[in-house]
Amino acid sequence: MSTEDTPSAPRSLAEALRARGDAALGSLLRSRPDLITPVPTDLTQLATRAGTRASVVRALERLDRFALQTAEALAVAADPATYGELLGLMAGDDADPAVVGALPHAVDVLREQALVWGGDDRLRLVRTARELLAPSPQHPSPTGLGPTVQEATAGMSPGRIQEIVTTAGLPSTHDSVSAAGSLTALFADRVRMAALLADAPSGSLDVLERLVWGPPYGQVTPDPAPRLRWLLDRGLLLPTAPGTVVLPREVALHLRRGLAHRAPEPVPPVVEAAAVHRPQVVDSTAAGQAYTALATVEELLKDWDEGGPAVLRAGGLSVRDLKRTAVALDVPEPVAAFWVELAYAAGLIASDGEADERYAATPAYDEWLELPAAERWSRLVTAWLAATRASGLVGGQDAKDHTLSALGPGLDRSAAPEVRHRLLALLAGLPEGAAPDAASVLARLRWERPLRGDRREDDLRGRLAQWALSEAELLGVTGRGALSAHGRALLGAPPAPAKNPRTESSGPGDKLPVHHHHRPAPLTPLSPAEQAVASAAAARLLAPLLPEPLDHVLLQADLTAVAPGPLQRPLADMLGVLADVESKGGATVYRFTPGSVRRALDAGRSASDLHAFLAAHSRTPVPQPLAYLIDDVARRHGHLRVGAASAYVRCDDDAMLSEILADKRAAGLGLRRLAPTVLAAQAGPAGLLEGLRAMGFAPAAESAEGDVLITRALARRTPPRTPPEPVPDGPPVPDAALLAAALRAIRAGDLASTTPRKPGAAPAAEGEPPRTSSAETLATVQAAVLTGESVWIGYVNAEGAASQRVIAPIRVEGGFVTAYDRTADEVRTYPLHRITGVAELADDAG
């Protein structure tokens, strides 16, 4: 356990910070980045900021359970407390060995976080943390302890206190303070307290048992029962308000055998393996799911290729559109919401910004499609790791009872990236092929982040972890619940630890405790540059496991084609036009219909093109029924021509036109004959085409020049869009360059504020810059130029920010002073009118 490296005990947190080296200060600023936003002027300001309520709450929320329990114990200890007193509160009279071994590290963590300062003989919890954690009637302590005897008797009449002291068998005193001190000494003495309680009625002991672990408050009537009266007369229960009594802290600690917590948790819960699989099985399963993830995202975007669903007025997808998307993807609605949100986070879909606003693919989607499959996967997973939008919230209610919709507002949860990364890091700590027990993982995460001000937020972290487990499986980061090799690389984690013989022989149903003796995955998410390197490594590991796209299908006599695996993109695109997908799975089944063949012909393909395409890409001969279907549809395709009159139909076969006129289904088209081979229609060209096709004909549209129009669907794209920015969980962790610059600035400002000055040289309050008149400033600076001495100045820059500096003036001219700035370690020029004051340094100033 560390102690402060000062010759004498520090008198304040600022002095304790001043004694730290740059490495220790840098560790503090990395763990609490809000302290350098903006960079404090000196260590005194840093200490002040470290004690503000918002910063302390944030620091407490990021402690693990045992470190937090240690801080809670210090909040109910004397101020200051010795390490021995703290150890007694944490380990109890029995000195639990696990607590004894873990407490030094917990105290070091609290010191590093600047929540505790002072040596082992004078441990002090920062004032704000004590106020937050100390027990009070409005805010009970997590320890379940009540106020001390001194606090509980503060408003009691002196006569009543003397009565309690006398009844407890103690000599009377001259004042209430000494009486309370005498009672405190009695309750803290194990031997005398044991003797006092030995004479207690059994009912009185039952009352104490009900209050001992909290809450420490109880209700009494104006005429309490004898068992309560016995306790009240001896101060074992003290009144706090009419009808309310409290168990003093010292009495509770005696009954608890010194423990501040009922169940100290010095050791994190072990993450257990619920099942163990061969690593090859895990990797191949995860790779198969990764490919399915790519196919699902492509299918979603293809479904929205000609313009996706409309954007709600409040933003997001309607419930109906989400249901339709779920049906199209053949997945449950929550899973469909996940895929939609993932594509949005990756920048593949966005709103088009038009008056009739709709969702559509972005230009980035076309670039994404051109990447190799493994790189496409890494793009998706990288976006998922960093995204703060939680798709699991879709369908729930916000604080105003409004339903949360996919792609809508209100889905950002800043804790989501940290929870995902920490969950996967715990999985990385298991042996290869080990799938975790979900309950043990959640218990570990709750131990690492136990304190949440809102119960809903605490529940949210658990739900985020559960969603992350299922989402990792959907994306192929895990396979059969175990982290894959490419998933491990995605975290920047080292190779998995080798299995022991017992793990090797374990079956899928075994539960194995896993101990973390190897180097774990990074505890915090990687920086963008580090994540890019890790994602590239993951893609390289995944690439050999992904199936190679096929260049062939198997045509069957029942007008179907079977794709035994993923198809090359040109083949898949063409087949998607020529046939309809009938079923998906390991092998995709396509069905050829008159409508699908006509769709291919409308796209500009001829019958000979289709025959050649099928012959080139089928491993089986083209079945005769399929050849007949293509020829039959092609023979009738374009026999009728539709143009704009409002619309017209022309055909060389006047008998066919007569057949159309005689058909009752044509009544709504408003047809009349203009010539033997021409019919005019009241319906427009699109409606006429649709009506004739519904009657079983295969018309083709034509241009004003009489050429057949190729109705090739145009892909709709939004203007260039940037992916949504994650909502940060507080200020970002400073990088090395910013941290070094901040440390230099803080040290420099602290040097200026703490450099000794001559007594009376500057009539300024302690820590404040000096204040002198313009004439005094000019005279002092000019004298320093002649003597070569350094001076201390207060300076206000052009932005109005005040600072203190130690300078060695070189020359004064034209309203400026040129000087060597000791705080910045460089020569600078200062306008005299911006110097608020100047003071001479003491002769022994360094």
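Procedures and definitions
Residues numbered from 1 in each chain as written. Predicted model: local features only at pLDDT ≥ 70, side-chain atom pairs only at ≥ 80, totals over all residues. Heavy atoms only, no water. Axes fitted to C-alpha atoms, helices over the stretch in contact; angles between N-to-C directions. Helix = DSSP H or I, 4+ residues; strand = E, 2+ residues; numbered from the N terminus. Parallel < 35°, antiparallel > 145°, perpendicular 65-115°, else oblique. Left-handed = near helix turned anticlockwise from the far one by under 90°. Contact = heavy atoms within 4.5 Å. Nonpolar A, V, L, I, M, F, W, Y, C, P; charged D, E, K, R; others polar. Buried < 20%, exposed > 50% of the residue type's maximum accessible area, 1.4 Å probe, protein only. Expected span 1.5 Å × (residues − 1). Pairing = 2+ DSSP bridges.

(A) Main features of the packing of helix H28 (residues 594–602) against helix H30 (residues 624–636). For the pair H28 and H30, the least separation of the axes is 10 Å and the interaxial angle reads 60 degrees. Classified by the angle their axes make, H28 and H30 are oblique. Seen along the crossing, H28 lies across H30 with a hand that is right-handed. When H28 is examined against H30, the residues Pro594, Val597, Arg598 and Leu601 are found in contact with a partner set consisting of Leu629, Ile630, Val633 and Ala634. Here the residues of the contact of H28 with H30 sort into 7 nonpolar, no polar and 1 charged.

(B) Fine view of unusual backbone geometry. Of the consecutive residues Thr37 and Pro38, the connecting peptide bond is found in the cis state with omega at -5 degrees. As for its placement among the helices and strands, Pro38 is situated in the loop between helix H2 (22–31) and helix H3 (43–50). For the bond running from Asp79 to Pro80, omega is 0 degrees, close enough to zero to count as cis. Along the chain, Pro80 turns up in the loop between helix H5 (65–75) and helix H6 (83–91). Its identity is not glycine, yet Ala114 carries a phi of approximately 60 degrees, on the positive side. Along the chain, Ala114 falls in the loop between helix H7 (97–112) and strand E1 (116–117). You can call Ala114 buried: its relative accessible area is 0%.

(C) Structural detail: helix H18 (residues 333–345). Compared with the 18 Å implied by 1.5 Å per residue over 13 residues, the 18 Å span of H18 between its first and last C-alpha is a close match. Every buried residue of H18 is accounted for by Ala336, Ala337, Phe338, Trp339, Val340, Glu341, Leu342, Ala343 and Ala345. Positioned one or two residues after H18, Gly347 has a phi angle of 80 degrees, which is positive.

(D) Layout of the pairing of strand E24 (residues 816–821). Looking at chain direction, strand E23 (residues 802–813) and E24 are connected through 6 bridges and run antiparallel. Residue pairing across strands places Glu813 opposite Phe816, the latter belonging to E24. Taking the residues between adjacent antiparallel strands as the criterion, E23 and E24 are bridged by 2 residues, where Gly814 takes a positive phi near 60 degrees. Summarising the sheet, E24 and strand E25 (residues 826–831) pair through 6 bridges and their orientation is antiparallel. Note on E25: the bridge partner recorded for Ala819 is Arg828.

These figures capture arrangement, not role.
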